[in-house]
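# A structural walkthrough
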Amino acid sequence: MKAAAFTPTGIRFANIEKRYGNLYALRRVSLEIRAGECVAFAGRNGSGKTTLLRIAARLVRASAGKVDFVASDRQETDSAAPAGFVAHATMVYDELTAEENLLLFAKLQGIAEPGSRAAALLEEVGLSERRKSLVRTFSRGMRQRVAIARALLNEPSVLLLDEPATGLDPDGITWLANTLERMRDAGRTILMSLHGESEISALASRAVRLDAGSVVADTRTGSDMHGILSFAGA
């Protein structure tokens, strides 16, 4: 699909904390993500990767700190920047068809010509022939493709991806890598949590490792990309 015009947008995390009672999921995380960066978050389960992405997606409220989307052309914060989010769980509706899932979210987001947009994305993700099938009949990988298509509906300037290759077969992973490469090369900002080095992690221009809710390594400050990403698979 032809990429739509968009405003390059970065993200600023300022002293983000997330507490669940006495448990800290995130501890004063501060990161500046430049517009157009492709950032891989690495770390063991429970390190805070998913929580940070969910806070950026406005699905979870931080206990302290602030997240701003920064539009590069105006150098000002924009809390309404369009972002697409793919969670570890697909969160698609089983009793709707693939097409109905996309139409529902397209209409909720006020997307122009929702039918055309849904059809184009189903073609893009290789599900055009199954567009009328109920999602409950889909494999895990097919459900993941629907979830990715949903995240791309609003042609986002920022993509937030929590282990986006989950459930995808080798062809699906190659398709996802090609899609993310196009978006990255077009200047869109991508944040993704990953486990280990892969075809997807090879797209990253920067890697950040979290441990116990804190940033402990960042290639921007001199850490080794391979070291961070290989640690993610430990």
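The rules behind each value
Residues numbered from 1 in each chain as written. Predicted model: local features only at pLDDT ≥ 70, side-chain atom pairs only at ≥ 80, totals over all residues. Heavy atoms only, no water. Helix = DSSP H or I, 4+ residues; strand = E, 2+ residues; numbered from the N terminus. Rg over C-alpha atoms; globule rule 2.2 N^0.38 Å. Buried < 20%, exposed > 50% of the residue type's maximum accessible area, 1.4 Å probe, protein only. Contact = heavy atoms within 4.5 Å. Areas by Shrake-Rupley, 256 points an atom, 1.4 Å probe, with all protein chains shown as cover. Expected span 1.5 Å × (residues − 1). Pairing = 2+ DSSP bridges. Axes fitted to C-alpha atoms, helices over the stretch in contact; angles between N-to-C directions. Parallel < 35°, antiparallel > 145°, perpendicular 65-115°, else oblique. Left-handed = near helix turned anticlockwise from the far one by under 90°. Nonpolar A, V, L, I, M, F, W, Y, C, P; charged D, E, K, R; others polar.

Counting its secondary structure elements, the protein contains 6 helices and 10 strands. Relative to its length of 234 residues, the protein is compact, with a C-alpha radius of gyration of 17 Å against a globular reference of 17 Å. In terms of principal-axis extent, the alpha carbons of the protein reach across some 45 × 40 × 35 Å. Each of the 234 residues in the protein was classed as buried or not, and the buried ones make up 49%. Partitioning the contacts of the protein with sequence separation of at least 6, the portion at a separation of at least 24 is 68%. Here the protein has roughly 10,800 Å² of accessible surface; of this, 48% comes from carbon and sulfur atoms.

A positive phi angle is found at R28, which is not glycine, with a value near 45°. In this fold, R28 is placed in strand β2 (residues 23-33). R28 gets classed as exposed once you look at its relative accessible area, which sits at 54%. In this structure, A212 is a non-glycine residue whose phi angle is positive, near 55°.

It is worth spelling out helix α5 (residues 170-185) at this point. Because each turn of an α-helix spans 3.6 residues, side chains separated by three or four positions end up pointing in the same direction. An ideal rise of 1.5 Å per residue puts 22 Å on 16 residues; α5 measures up with 22 Å between its terminal C-alpha atoms. Three or more residues of α5 are buried, namely G172, W175, L176, A177, T179, L180 and M183. Considering only its buried residues, α5 is in contact with α3 (114-124), α4 (140-151), β7 (158-162) and β8 (189-193). Just downstream of α5 lies G187, where phi reads positive at about 100°.

Attention now moves to the sheet that holds strand β3 (residues 38-42). Spatially, 6 strands are ordered β6-β7-β8-β3-β9-β10 in an open sheet, and the strand pairing comes out mixed. At either end of the open sheet lies a strand with only one pairing partner, and these are β6 (83-86) and β10 (214-218). Along the sheet, successive strands turn relative to each other by an average axial angle of 20°, direction set aside. Bridge count between strand β9 (residues 206-211) and β10: 4 bridges; the pairing is antiparallel. Pairing of D211 across the sheet is with S214, part of β10.

Relative to the assigned elements, S205 resides in the loop between β8 and β9. Overall, S205 belongs to the partly exposed group, its relative accessible area being 46%. Each C-alpha atom, one on S205 and one on Q144, is 24 Å from the other, the two residues being 61 residues apart in sequence.

Turning our eyes to something else, we now look at the side chain of T219. For T219, the location among the structural elements is in the loop between β10 and α6 (225-231). Note on T219: relative accessible area 19%, which makes it buried. Dropping the residues within four chain positions of it, T219 is found in contact with R206, A207, D224, M225 and I228.

The subject of this paragraph is the packing of helix α2 (residues 98-108) against α4. It is the contact of α2 with α4, at a shortest axis distance of 10 Å, that shows an interaxial angle of 25°. In this view, α2 runs roughly parallel relative to α4, as classed from their interaxial angle. Along this stretch, α2 crosses α4, giving a crossing that reads as right-handed. Residues A98, N101, L102 and F105 of α2 form the contact with α4, whose own contacting residues are V146, A149 and R150. For the contact of α2 with α4, a count of residues per class yields 5 nonpolar, 1 polar and 1 charged.

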